[in-house]
Amino acid sequence: MILSAWRYAHLGLALVSGAFLVLLSVTGAILAFEPIDAQLQGVPQADVDPELTVSEFVDRAGSSFTEIAEARVDNQGLLTITAFDEHGDFGTFYIDPRTGQNLGPTREPSTVFQFSRNLHRSLFLKSTGRILVGVNSFLLLIIALTGSVLLWRRQQGLKGLFKKVDADSSAPRVHVQLARIFLIPLFIVATSGVYLSLYRFSVIADVEVNHVISDDVLAEGTAMSPRDFLAFQNLKLADVRFIEFPFSDFPDEYFKVGTDQEEYLISQVTGQSVNTESYDLRNRLTYWSAVLHTGQGSPWWAVVLGITCVAVLVFMYTGFAVTVRRRSARFKSFSAGDSAEIVILAGSENGTTMQFAKYLAEKLTAAGEMVHVAQLNHVSEYPKMRRLVVLAATYGQGEPPSNAKLFFDRASQLVKTQPIEYSVVGFGSKSYPFFCKYAEDVDNFLDEKEYMSRQLKLVKVNNRSWETFRNWAKAWAESSAIDLDLPVLSPFPVDKRFLVNLRVTQSQRVGPTVLLELEGLSTHQVLSGDLLAIQPPDKSYERYYSLGQKGDKTLLAVRVHEGGVCSPYLGSLQKGDRLKARLVSNTSFHLPPNASEYILVSNGTGIGPFLGMIEETDVSKSVKLYWGGKSRESFDLYKPELDASKRSGLNVKTAFSKDDSYPFKYVQELLHEDSEELRMAVSRGAVILICGSLKMQEGVIDTLNSVLEKESTGVEELKLEGRLLYDCY
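Note that the structure is a prediction, hence the values are computed from the model and not measured.

Its place among the elements puts Ala-223 in the loop between helix H6 (170-200) and helix H7 (230-233). Sequence separation of Ala-223 and Gly-271 is 48 residues, and the distance between their C-alpha atoms is 8.6 Å. When sequence neighbours within four positions are dropped, the list of residues in contact with Ala-223 reads Asp-249, Gln-268 and Val-269.

Attention shifts here to the packing of helix H10 (residues 352-366) against helix H13 (residues 466-479). Direction vectors running N to C along H10 and H13 enclose 35 degrees, while the axes themselves pass 13 Å from each other. Relative to H13, the crossing made by H10 is right-handed. Residue-level contacts link Phe-356, Tyr-359, Leu-360 and Leu-364 of H10 to Trp-466, Phe-469, Trp-472 and Trp-476 of H13.

Attention shifts here to the packing of aromatic side chains. Taken as a whole and judged by the stated rule, the model has 24 aromatic pairs. Taking 5.6 Å as the distance between ring centres and 45 degrees as the angle between the ring planes, the aromatic pair formed by Phe-65 and Phe-93 counts as tilted. Residue Phe-65 is found in strand E1 (residues 65-73), and its partner Phe-93 is found in strand E3 (residues 90-95); the two are separated by 28 residues along the sequence. Accessibility expressed as a relative area gives 3% for Phe-65, which makes it buried.

Attention shifts here to unusual backbone geometry. Comment: phi is negative for the bulk of residues other than glycine, and the bulk of peptide bonds are trans. Backbone geometry places Cys-436, a non-glycine residue, at a positive phi of 60 degrees. Counting through the fold element by element, Cys-436 comes out in the loop between strand E12 (420-428) and helix H12 (437-447). Although it is not a glycine, Ala-481 adopts a positive phi angle of roughly 60 degrees.

Now for the sheet that holds strand E23 (residues 650-656). Read across the open sheet, the five strands follow the order E23-E22-E21-E24-E25; overall the sheet is parallel. Of all strands in the sheet, those with a lone pairing partner are E23 and strand E25 (724-728), marking the two edges. Strand-to-strand twist of the sheet, defined as the mean angle between neighbouring strand axes without regard to direction, takes the value 10 degrees. When strand E22 (residues 622-629) meets E23, the two strands line up parallel, connected through seven bridges. Within the sheet, the bridge partner assigned to Gly-629 lies in E23 and is Phe-656.

The tally for this structure, following the rule as stated, stands at 27 salt bridges. Glu-597 is the salt-bridge partner of Arg-684, the closest N and O atoms lying 2.7 Å from each other. Here Arg-684, found in the loop between helix H19 (675-683) and strand E24 (687-692), pairs with Glu-597, found in strand E21 (residues 597-603); they are 87 residues apart in sequence, far enough to count as distant. Because the salt bridges share partners, they merge into one network encompassing Glu-517, Lys-550, Lys-553 and Glu-641.

What counts and how
Residues numbered from 1 in each chain as written. Predicted model: local features only at pLDDT ≥ 70, side-chain atom pairs only at ≥ 80, totals over all residues. Heavy atoms only, no water. Helix = DSSP H or I, 4+ residues; strand = E, 2+ residues; numbered from the N terminus. Contact = heavy atoms within 4.5 Å. Axes fitted to C-alpha atoms, helices over the stretch in contact; angles between N-to-C directions. Left-handed = near helix turned anticlockwise from the far one by under 90°. Phe/Tyr/Trp six-rings, centres within 6.5 Å; stacked < 30°, edge-to-face > 60°. Buried < 20%, exposed > 50% of the residue type's maximum accessible area, 1.4 Å probe, protein only. Pairing = 2+ DSSP bridges. Salt bridge = Lys/Arg side-chain N within 4 Å of Asp/Glu carboxyl O.

Interpretation in functional terms is not warranted from these geometric data alone.
Structure below.
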């Protein structure tokens, strides 16, 4: 419920302030270009020379102006001077701080900027408009706060904050990616906007600087030339906000100089400061709020502000798109709950799992079944229910999605008498450590109910795999004696905007196995163990393959299945061919850099990611590779890559199950033979990685349980410590 509260607050505030935020963002983006426009006019910034002293500036300004009243840095960071020019005309002029040259009178803001500023500050509604702007600045601040909480929860804390965003469509992906980049600038814009609004309405009172001069500091004598002032010689012009010149040469008239931190009075007679007053915290906050909110004096920060304003518009579009999609995916009731024999309950965060549930319900209805569909939160009494199907996504760190948080409480209160068969399907991504954890919890919860019996074991769908879901649906329909017609191809199209082009640089084949060498992935974006989602030409589906990365070379090991969906296409590729794929980060199967040593276990094409990981390991650390396959010939496909490894201490052990020249063995038997060595390695802090078939994984886990049975660190402890990682299929 807490997560839902944050989400509804985030959405509600965006809806309430939406129109105003669009207006403020558009005008803010326009105003952000005002400092840039000023820069483009060729007028140099006040801080163009950070080493220029006030003494040098005043001396140079005297060559262009006969009498100076004030020098000040304006909102665009340009130095202006109010004075009589050499023609005797009084006014405010731009001045080149490097030469003292008069650059002409200051310009009036353009009509576009003037209009945008008035609209941005008060909506042309005077005080009422300023109040509305202030309120919406505050709402933007709260939206940024709630968004930060949702981002933290979605990406599972600080470690996951900048990992690849896993999302099935562009709207949620762009929304999260922008949040990671622009939350800090957004906080700055909103906070400074709130502060300036409070300041304008005197909620935060301005504090004037009062200089008190005692009579004993009053110096008698003739006024010095300002260029000889010691105070001016020690002060950089880049640090100055303004300089007010005295009206006369009388000793009790002083130069007043303001910096970011302090304000000085400087004697004309001695050229030294006679009084210094530090600005109150409110003065500093007011100044810096104006600087940070408008970009004054910094064209680069103005660019950031302009992009941030545009980002707010994109935030709103993608946020509302996600909301519309989530709500459109809510189910209509195919049959009333009182009459349905099959009930499908779904828990989904962004609507993807909802799509699967709705599609399944449509196909079951077409097959003549009475089906009722609901969110997990809406579980209720279903008097005629014989079968229950739960499709459950996992959110954050193994938590239920927002529309499933009440399921356990509400389901516990139901009283059932008739027996019910249930099946649970989990949806998630193996790139997250809590893959399908909530689905596991639901499966265990239902198994404890006396009136529930498990129809099929829990199935986990990785990255919305239609093949996995279809295989489960076919098995479930057969078990239920239902003739269910599901297409081979996914009914949910792939988003082609995120495909990358790859080129085959090498293709080697031994029997049904192909080892592809590809180029085209950016090396700073990919790690061995990541996945390539490959889309065959003219198809609407993807298949996932674990990759190994060696420098700028990507290795892909593929077993070609006759009649397969994607593997025959990959097996047909030759050197120079191109293919399209999508990189999927698989953070739960990356090589942990802090391990003392590594034990890599694979069979068949599962060796693929290890060919890259071996290169990623510290050469000072021990690496042992166990590999199982049918024959020595099948291993020879990978041997050149292993022989070319930069590591000198790589230990490789192989097992062959169908080679008459070698003893019949599976890879798990190799581990059992090395039981004592394996126990010692685990005690030293070794990390074990497993990649290959699910059947092999089960055998290896059983062997590890046996080998480590009497050890303090067993299989479950290794999992919890992140020292047992697997990616099997």
